Amino acid sequence: RVEDDIRHQNILLVWSKRRLIITNILIMGIVSVIMSLVMPKWYSSQAIILSSSAGRFNLMSAFTSIPLNEFGFSPVNEDISSFISILQSHNVKEHMVRHFDLVDRYSSRDIEYAMKELDSNTELRVTDEGALAISILDREPLVAQKMVQELLKQLDLINRRLSREQGKYNRQFLEERLDQTKVDLSKAEEELKLFQQQTGVVDILAQVTAQLEAYGQLHSQELQAYTELYSQRAQTEVQLNTVKATLTPDNPTIRHYEVLYSEQDKQLKVLGERLDAELENLLLGSDAKGVNIGNENKSKDGLWLSMSSFPDLGMRSARLIRDVEVQGRLLEIMVPQYEQARMEESKNIPTLQIIDEP
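If you're wondering where the values come from, they're calculated on a predicted model, not measured in any experiment.

Definitions and cut-offs
- Residues numbered from 1 in each chain as written.
- Predicted model: local features only at pLDDT ≥ 70, side-chain atom pairs only at ≥ 80, totals over all residues.
- Heavy atoms only, no water.
- Helix = DSSP H or I, 4+ residues; strand = E, 2+ residues; numbered from the N terminus.
- Buried < 20%, exposed > 50% of the residue type's maximum accessible area, 1.4 Å probe, protein only.
- Contact = heavy atoms within 4.5 Å.
- Areas by Shrake-Rupley, 256 points an atom, 1.4 Å probe, with all protein chains shown as cover.
- Axes fitted to C-alpha atoms, helices over the stretch in contact; angles between N-to-C directions.
- Parallel < 35°, antiparallel > 145°, perpendicular 65-115°, else oblique.
- Nonpolar A, V, L, I, M, F, W, Y, C, P; charged D, E, K, R; others polar.
- pLDDT = per-residue confidence, 0-100.
- Core = buried A, V, L, I, M, F, W, Y, C linked by side-chain atoms within 4.5 Å.
- Arc of directions from axis to C-beta.

### Examining the overall build of the protein
Looking only at helices and strands, one finds 12 helices and four strands in the protein. Here the protein holds 358 residues, and 36% of them are scored as buried. Taking as baseline every contact in the protein between residues at least 6 positions apart, the subset at least 24 positions apart corresponds to 78%. A total of about 22500 Å² of accessible surface is found on the protein, and carbon and sulfur atoms cover 53% of it.

### Some details on unusual backbone geometry
The phi dihedral of Asp 101 falls on the positive side, at around 50 degrees, and the residue is not glycine. Relative to the elements of secondary structure, Asp 101 occurs in the loop between α4 (90-99) and α5 (102-105). Overall, the relative accessible area of 40% leaves Asp 101 in the partly exposed class. Unlike most non-glycine residues, Ser 107 shows phi in positive territory, near 55 degrees. Tracing the sequence through the fold places Ser 107 in the loop between α5 and α6 (111-121). According to the relative accessible area criterion, Ser 107 is exposed, its value standing at 67%.

### Some remarks on the packing of α4 against α6
The geometry of α4 relative to α6 is characterised by a closest axis approach of 9 Å and an angle of 100 degrees between their N-to-C directions. In this view, α4 runs roughly perpendicular relative to α6, as classed from their interaxial angle. The segment α4 lies against α6, with His 90, Lys 93, Glu 94, Met 96, Val 97 and Arg 98 engaging Ile 111, Glu 112, Ala 114, Met 115, Leu 118 and Asp 119. For the contact of α4 with α6, the class distribution of residues is six nonpolar, one polar and five charged.

### Quick look at the confidence of the model for the protein
Summary statistics for the protein give a mean pLDDT of 77 and a share of 75% for residues scoring 70 or more. With pLDDT under 50 throughout, residues 54-75 is counted as low confidence; its partners more than four residues away or in other chains account for 19 contacts. Segment residues 286-304 is flagged for pLDDT under 50; beyond a separation of four residues in sequence, or across chains, it makes 21 contacts in the model.

### What about the nonpolar core?
In terms of nonpolar packing, the biggest core is built from 28 residues, with Ile 49, Leu 102, Leu 132 and Met 147 touching the most fellow members. Mapped onto this core, the elements with two or more residues apiece are β1 (43-51), α3 (78-87), α4, α5, α6, β3 (132-138) and α7 (141-199). Per-element tally for this core: the top contributor is α7, with seven residues. Those residues in contact with Leu 132 that lie beyond four places of it in its chain are Ala 47, Ile 48, Ile 49, Ile 80, Phe 83, Ile 84, Leu 87, Leu 124, Arg 125 and Val 126. One finds Ala 234, Leu 271, Met 334 and Ala 341 within the second-largest nonpolar core, a separate group that totals 17 residues.

### Concerning α3
The set of residues buried in α3 consists of Asp 79, Ile 80, Phe 83, Ile 84, Ile 86 and Leu 87. Across the axial projection of α3, the buried residues extend over an arc of 160 degrees, all falling on one side. On its buried face, α3 sits against β1, α4, β2 (122-126), β3, α7 and β4 (352-356).

This is the structure in structure tokens:
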């Protein structure tokens, strides 16, 4: 009953103030209509773009199944991240201010204030599909459209220039690395040839395989893994030096390649130590078998060696053969990469695809 009395009093109070309430509603409605008619209209122009390098190989694609977010890496496409960095750069904003005379248009104090106003009127958004949406607000729809078109033009020009510079740095590094690989391969071949002439040992691994075939097959598999890992580390080194020359030091891509290179280097050392240890076990641990087999078969073909008598010889032979194989593999990998880098440096094609025109 008390609640009913309170509700009844509230209704009477509202009814007694009905003229004031109706007057306020009418005044606010009239003011809102007047403000909507007086205030200038703003128009938005939007374009949606993708990178034109969607079909190009990217080292990050090899790690799509790895949760890169847990390691501090961004899942956003690297090209889209570069696009955003270019569009937010001081040079692009200053060009837009001067090209469209935004100091006068925005009634700003100077260029810096006009750039801040432009930044507040510009929106860069990455869609769920990985595209980049670029929007600009202006009081004239045609000007907004032209501003977005000019942004796209500047983005393509700057990205082409950066791509050519990146191709140049990549080509220069590959050229130096290729020349060094040729020198290293020639040196390894000469050392192996001299060793074979002096010792008469042509291929210590083949001779060990003839005595212990199963063990030799296992060693060959690990040697192949060592060679592949060595070539992968060389590719990572190329990528790391390229991004260091083209990106800022705090870019997540540089951190990614540094971590990748460090892990590959660690694994390479572990494999190398394992190969050396297995060779030592094979050469030093096969005394009884090696002597007997050698004595039994030496008269037949003259190719058997007493492994326990020549541990240093076997180790030197294996390392020399391994050096020749590694340098040869590197040369096979770097020649096509060098030719591709030369083409990347010289090409001048659009670097972005416009899905929706402004």
